[in-house]
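A look at the structure
The primary structure of each chain is shown beneath.
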Amino acid sequence: MSNQCMQMTTSMSCANRCSFCWRDEKAPVSKEWKWDADDSKFILKESKAAHHKLPEGYNGYNDRNKGAYEKSKQIKHVALSLTGEPIIYPKINELIDKFHEEGISTFLVTNAQYPEQIKNLKPITQLYLSLDAPVKNLLKKIDIPLFSDYWERLNKSLDYLSEKKQRTCIRLTMIRGLNMDNYEDYAEMIKRGDPNFVEIKAYIFIGASRKRLEMINMPLHEDIVSFSKELVKFLPEYEIVSEHIPSRVVLLAKKKFKINNEWHTWIDFKKFNELALSGKNFGIEDYLKKTPKKFVGLSGKGTVDLAREKGITHDVQ
Ligand code: SF4
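A brief look at the structure comes next. (Residues numbered from 1 in each chain as written. Predicted model: local features only at pLDDT ≥ 70, side-chain atom pairs only at ≥ 80, totals over all residues. Heavy atoms only, no water.)

Examined against the element boundaries, Glu 262 turns out to sit in strand β10 (residues 262-263). Separated by 29 residues in the primary sequence, Glu 262 and Thr 291 place their C-alpha atoms 7.6 Å from one another. When neighbours within four sequence positions are excluded, Glu 262 is seen to be in contact with Phe 257, Lys 290 and Lys 293. (Helix = DSSP H or I, 4+ residues; strand = E, 2+ residues; numbered from the N terminus. Contact = heavy atoms within 4.5 Å.)

Written out as structure tokens, the structure reads:
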């Protein structure tokens, strides 16, 4: 639930200037960490305070969902993403420990430009790696990387991702007219990273990306479904599990998570927390949970159907 998920980043800086990013040209970019590093305890305290401040306005609103507001006070997850590249914060492992000590599960998204940091990252609940294009020249065009060896870095990052024992996910951000073909190349890169999950999501026409891309570059959910169906033909170990139409996302998972014909792609957070704090070796199988039936499969609906259901009558695109 997003009300109980703290979204934050440990670094405002990034080694890419992705065309689809909501950040503008004034956002800091750097190859290395070159600032003083705040203490992990301080970051945890201030992040929690900021999370609590965010929904405060709802408290004075009579028609608020009281349960949702009250629950927002108990933070259950952290999404280390938002802006910048979180993995380059020098005390990232210390901070991850602190989140786990507080019973907060950890999700981190990396742009795959820091393979050594991926290798040295402590077990987290779910590690995402962005794969924005499956061939070198297109990656350069879309991500506009600072590193000249950006392609080698991506490939090395995929290698280290494949060695992780906990949950891993490769995320594709699809931009209509730019990176929605090359199925075989995507499949090759995905096989190299060997993730448990592949999340295929639409670029959203938002923030400063609107200066660089057009509305037409934002795929409909239908486009994401078609792309996913084609891609999965090249990935025999995976199957489509589910979708989220408002976010225009389709999820693929390794078939091994279909146990006795029932998908097990959800997370047992309590179990993860116990394992993370135990100091023992553990893997994804130790904190899987059965996927509720209502979240399995494709509905056959798309962005336009959803808009109609919500009473939005103007053209979606
Ligand atoms: S890697 Fe992420 S934060 Fe950096 S420019 Fe790309 S989308 Fe934005």
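On to the pairing of strand β6 (residues 197-202). With 5 of its 6 residues buried, β6 lies for the most part within the structure. Bridge count between strand β5 (residues 167-174) and β6: 6 bridges; the pairing is parallel. Bridge assignment links Met 174 to a residue of β6, and that residue is Ala 202. In this fold, β5 hands off to helix α7 (residues 183-193), which returns the chain to β6; that crossover is right-handed. As paired strands, β6 and strand β8 (residues 249-254) are joined by 5 bridges and run antiparallel to one another. The residue bridging Lys 201 from the neighbouring strand is Val 249, located in β8. (Buried < 20%, exposed > 50% of the residue type's maximum accessible area, 1.4 Å probe, protein only. Pairing = 2+ DSSP bridges. Right-handed = clockwise from strand over helix to strand, strands pointing away.)

All residues adjacent to the ligand are Cys 14, Asn 16, Cys 18, Phe 20, Cys 21, Arg 23, Gly 84 and Asn 111. Counted by class, the shell around the ligand contains 4 nonpolar, 3 polar and 1 charged residues. (Near = heavy atom within 4 Å. Nonpolar A, V, L, I, M, F, W, Y, C, P; charged D, E, K, R; others polar.)

Turning to the side chain of Asn 179, a few remarks are in order. Here Asn 179 shows up in the loop between β5 and α7. Polar side-chain contacts of Asn 179 include one of 2.9 Å to the backbone oxygen of Thr 173. A polar atom in the side chain of Asn 179 sits 2.6 Å from the backbone nitrogen of Ile 175. (Polar contact = N/O pair within 3.5 Å; in protein donor to acceptor, adjacent residues only side chain to side chain.)

Whether parallel or antiparallel, the strands of a sheet pair through hydrogen bonds between backbone atoms. Strand order in the open sheet made by the 8 strands is β1-β2-β3-β4-β5-β6-β8-β7, with mixed pairing throughout. Lying at the two open borders of the sheet, with one neighbouring strand each, are β1 (5-8) and β7 (238-244). Taken over all neighbouring pairs, the strand axes of this sheet differ in orientation by 20° on average, direction set aside. Where β7 and β8 come together, 6 bridges link them in antiparallel fashion. Following the sheet pairing, Glu 243 is matched in β8 by Val 250. (Axes fitted to C-alpha atoms, helices over the stretch in contact; angles between N-to-C directions.)

To continue, consider a nonpolar patch on the surface. Taken together, the side chains of Trp 22, Leu 82, Ile 204 and Ile 206 define a hydrophobic patch exposed on the protein surface, amounting to about 330 Å² of accessible area. The residue Trp 22 is located in the loop between β1 and α1 (40-53) in this model. For Trp 22, a relative accessible area of 42% corresponds to the partly exposed category. (Patch = residues over 30% accessible without salt bridge, like charges linked within 9 Å, V, L, I, M, F, W, Y side chains within 5 Å. Areas by Shrake-Rupley, 256 points an atom, 1.4 Å probe, with all protein chains shown as cover. Salt bridge = Lys/Arg side-chain N within 4 Å of Asp/Glu carboxyl O.)

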